[in-house]
Amino acid sequence: MQTIRLKKGREKSLLRRHPWIFSGAVDSVDGSPRPGDTVDVLAADGRWLASAGYSPNSQIMARVWSFTRGEAAGPEFFLARVRAAVGARAALAPAVPPRACRLIHAESDGLPGVVADRYDDWISCEFLTMPAERHKRDIALALLEATGARGVWERSDSDVRAKEGLVPLAGHLAGDEPPDPVVIEEGPARLLVDIRTGHKTGYYLDQRDNRRAVMDLCAGRDVLNCFSYTGGFGVMALLGGAARCTNIDTSAPALDIARANMDLNALPRERAEFLTDDVFAALRRLRDQGRTFGAVVLDPPRFVDSRANIQRGCRGYKDINLLALRLLEPGGLLFTFSCSGLMDEDLFQKVVAGAALDSGRDARIVRRFAQAPDHPVALNFPEGQYLKGFLVQVV
Ligand code: SAH
């Protein structure tokens, strides 16, 4: 039998159903498991705690598949987990649109290392750990069976795979091959998603409800959409009656899709501007040009990716928030986000408060944002919470 035996007293987090086993908590590994194998996790006194996928190259040496004895990680197990996850989304319709939503949100759906997003008839997946990689074909087949989608595409090309000793991979996994691009519906918008080469699985579904808030609050405003990617926030703002939208992103291919998204939604090109630029530099240039806006969206990539660089990340967030606040007209709105899981909402609020103080603007939070409900946070896994945001109104 392949087992991991924990040090004395280190079973506490597992008894609270937290799914991670850190290497520092492990006393011994017996039976020579190979990376990706399923192991039994035992307390120091030999008591059975969980079955878990083994990732010897990671600081998180194992992640729990099941807290139920006899439940084996195989085709039936994965079909049951995938069905439960898909069913949970279906039960949240129409708040969660069935054909453009996250179907599997890793640990919070009992499937560590597995992310699956549905785009129309297609599913785009990431497998981030050795055990997830090992079982990916079973998971892909389960997704087809549970959803009736036509095909599953793999986008396991994120750099976090390196922490597990996995190489980046992308390509066809099951069913038919998706068209390029796919079109999804988000509220009144139709949006192009490039599953093959877009960021992550192709699109940022986690911001769906927050893009809706921008649509509802920006009528008549001149909007600055920073870190625009394919222009989702901008399209929603314009559909909601915003006067104009300036989109900034360093990715030229993303901005090409953003332009195409204008056409797809019958929005005249002259209502939008597209700047292929670094936001830090562009905000300074807009300041020097004396430009002002009725609303600014700041949706940067994750600035904090380890505890060691929390401070550096905070400086980045403060810089862009300070510059954005200065560009706002009186009564203007700042939609500011952080998707850094290691930065909690309290800390983010302090950073934005510091930015407001230094900007000399009188500002207050009038609304709080989080990730959409198809990105749940299991109560035994608070790490699942990562996206937070504020709507800040300046006086
Ligand atoms: N708001 C988007 C998602 C943004 S993801 C949406 O709702 O879909 C973050 C984006 O920031 C990516 O498109 C990335 O290309 C871009 N980016 C990263 N660093 C940047 C920088 N310094 N300046 C401008 N864009 C940047």
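Scroll up to find the structure this text is about.
Given the structure is predicted, the values throughout are model-derived calculations rather than measurements.

A. Molecular detail of the overall build of the protein chain. Check the secondary structure of the protein chain and you find ten helices and 20 strands. Rg of the C-alpha trace for the protein chain: 22 Å, near the compact-globule value of 21 Å for 395 residues, within the 12% margin. Principal-axis analysis of the C-alpha atoms gives the protein chain an extent of 70 × 45 × 35 Å. When the 395 residues of the protein chain are sorted by exposure, 55% land in the buried category. For the protein chain, the proportion of contacts with a sequence separation of at least 24, taken over those separated by at least 6, is 64%. Accessible surface computed for the protein chain: about 16,500 Å², of which carbon and sulfur atoms make up 51%. Across the protein chain, 51 positive and 50 negative side-chain charges occur, with their mean positions spaced 4 Å apart.

B. Fine view of empty space enclosed by the protein. The tally for this structure, following the rule as stated, stands at one cavity of 30 Å³ or more. Computed from the structure, the largest cavity encloses a volume of approximately 40 Å³. Considering the residues around the largest cavity, the lining is formed by Gly231, Gly234, Val235, Leu238, Cys245, Asn247, Ala258, Met262 and Phe274. Those elements that provide at least two residues to the lining of the largest cavity are helix H6 (232-239), strand E15 (244-249) and helix H7 (252-264). In terms of residues, the lining of the largest cavity owes the most to one element, H6, which gives three residues. Its residues placed into classes, the lining of the largest cavity shows six nonpolar, three polar and no charged.

C. Representation of the sheet that holds strand E4 (residues 38-42). Taken in spatial order, the six strands of this open sheet run E2-E6-E5-E4-E1-E3, and their pairing is mixed. Two strands close off the open sheet at either side, each with one partner strand: strand E2 (20-22) and strand E3 (26-30). On average, each strand axis in the sheet is inclined to that of its neighbour by 35°, with strand direction left out of account.

D. Fine view of the nonpolar core. Counting 42 residues, the largest nonpolar core has Tyr119, Ile184, Tyr203, Cys218 and Phe335 as its most contacted members. Of all the elements, H6 adds the most residues to this core, at five residues. Beyond its immediate sequence surroundings of up to four residues, Phe335 is in contact with Ala213, Val214, Leu217, Cys218, Ala295, Val296, Val297, Leu298, Phe369, Phe390 and Leu391. Core analysis: the next-biggest nonpolar cluster, separate from the first, contains 33 residues, Leu224, Ala282, Phe293 and Val296 among them.

E. Spatial organisation of the site of the ligand. Neighbouring the ligand are 16 residues; Arg211, Asp249, Asp278, Val279 and Asp299 lie closest to it. At 3.2 Å from a nitrogen atom of the ligand is found a main-chain nitrogen or oxygen belonging to Phe227. Here a nitrogen atom of the ligand and a backbone polar atom of Thr250 are 3.2 Å apart. With the chains in place, 89% of the 580 Å² that the ligand exposes on its own is no longer accessible. Split by residue class, the shell around the ligand holds seven nonpolar, four polar and five charged.

F. Quick peek at the packing of aromatic side chains. Enumeration according to the criterion identifies 14 aromatic pairs in this entry. Judged by centre distance (5.1 Å) and plane angle (90°), the rings of Trp65 and Phe78 are edge-to-face. Pair noted here: Trp65 is in strand E6 (residues 60-66) and Phe78 is in helix H2 (residues 75-90), with a separation of 13 residues, a long-range link. A relative accessible area of 2% places Trp65 in the buried class. We classify Phe78 as buried; its relative accessible area is 0%. On the basis of an interplanar angle of 50° and a centroid distance of 4.7 Å, the ring pair of Phe303 and Tyr317 is categorised as tilted. Taken together, the residues span a long stretch of sequence, with Phe303 in the loop between strand E17 (293-298) and helix H9 (310-327) and Tyr317 in helix H9 at a distance of 14 residues. Here Phe303 and Tyr317 have matching classes, each one buried.

G. Representation of the pattern of salt bridges. A full pass over the atoms with the stated rule returns 27 salt bridges. Asp120 is paired through a salt bridge with Arg99; the nearest N and O atoms lie 2.7 Å apart. With Asp120 in the loop between strand E8 (114-119) and strand E9 (122-127) and Arg99 in the loop between H2 and strand E7 (100-105), this residue pair connects regions lying 21 residues apart in the sequence. The partner of Asp358 in a salt bridge is Lys318, with the nearest N and O atoms 2.7 Å apart. Placement of the pair is Asp358 in helix H10 (residues 345-359) and Lys318 in helix H9, with a sequence separation of 40 residues. Counted as one network, the salt bridges with shared partners bring together Arg99, Arg118, Asp120 and Asp121.

H. Just helix H4 (residues 136-147), in detail. Given a rise of 1.5 Å per residue, twelve residues ought to cover 16 Å, and the 16 Å separating the end C-alpha atoms of H4 matches this to within 8%. Considered for burial, the residues of H4 that qualify are Lys136, Ile139, Ala140, Ala142, Leu143, Leu144 and Thr147. Of the residues one or two after H4, Gly148 is the one with positive phi, at around 75°.

I. How the structure looks around the layout of surface pockets. Within this model, the second largest pocket holds a volume of roughly 190 Å³. Lining of the second largest pocket is provided by 15 residues; of these, Phe67, Arg81, Glu107, Gly110 and Asn380 occupy positions nearest its centre. Considering each element in turn, the lining of the second largest pocket owes the most residues, three residues, to E6.

What counts, and at which threshold
Residues numbered from 1 in each chain as written. Predicted model: local features only at pLDDT ≥ 70, side-chain atom pairs only at ≥ 80, totals over all residues. Heavy atoms only, no water. Helix = DSSP H or I, 4+ residues; strand = E, 2+ residues; numbered from the N terminus. Rg over C-alpha atoms; globule rule 2.2 N^0.38 Å. Buried < 20%, exposed > 50% of the residue type's maximum accessible area, 1.4 Å probe, protein only. Contact = heavy atoms within 4.5 Å. Areas by Shrake-Rupley, 256 points an atom, 1.4 Å probe, with all protein chains shown as cover. Lys, Arg positive; Asp, Glu negative; His and termini not counted. Charge placed at Lys NZ, Arg CZ, Asp CG, Glu CD. 1 Å grid on protein atoms, 1.4 Å probe; cavity = no way out; pocket = protein on both sides within 12 Å on 5 of 7 lines; lining within 4 Å. Points joined across faces, edges and corners; volume = space filled by probe spheres on them. Nonpolar A, V, L, I, M, F, W, Y, C, P; charged D, E, K, R; others polar. Pairing = 2+ DSSP bridges. Axes fitted to C-alpha atoms, helices over the stretch in contact; angles between N-to-C directions. Core = buried A, V, L, I, M, F, W, Y, C linked by side-chain atoms within 4.5 Å. Near = heavy atom within 4 Å. Polar contact = N/O pair within 3.5 Å; in protein donor to acceptor, adjacent residues only side chain to side chain. Phe/Tyr/Trp six-rings, centres within 6.5 Å; stacked < 30°, edge-to-face > 60°. Salt bridge = Lys/Arg side-chain N within 4 Å of Asp/Glu carboxyl O. Expected span 1.5 Å × (residues − 1).

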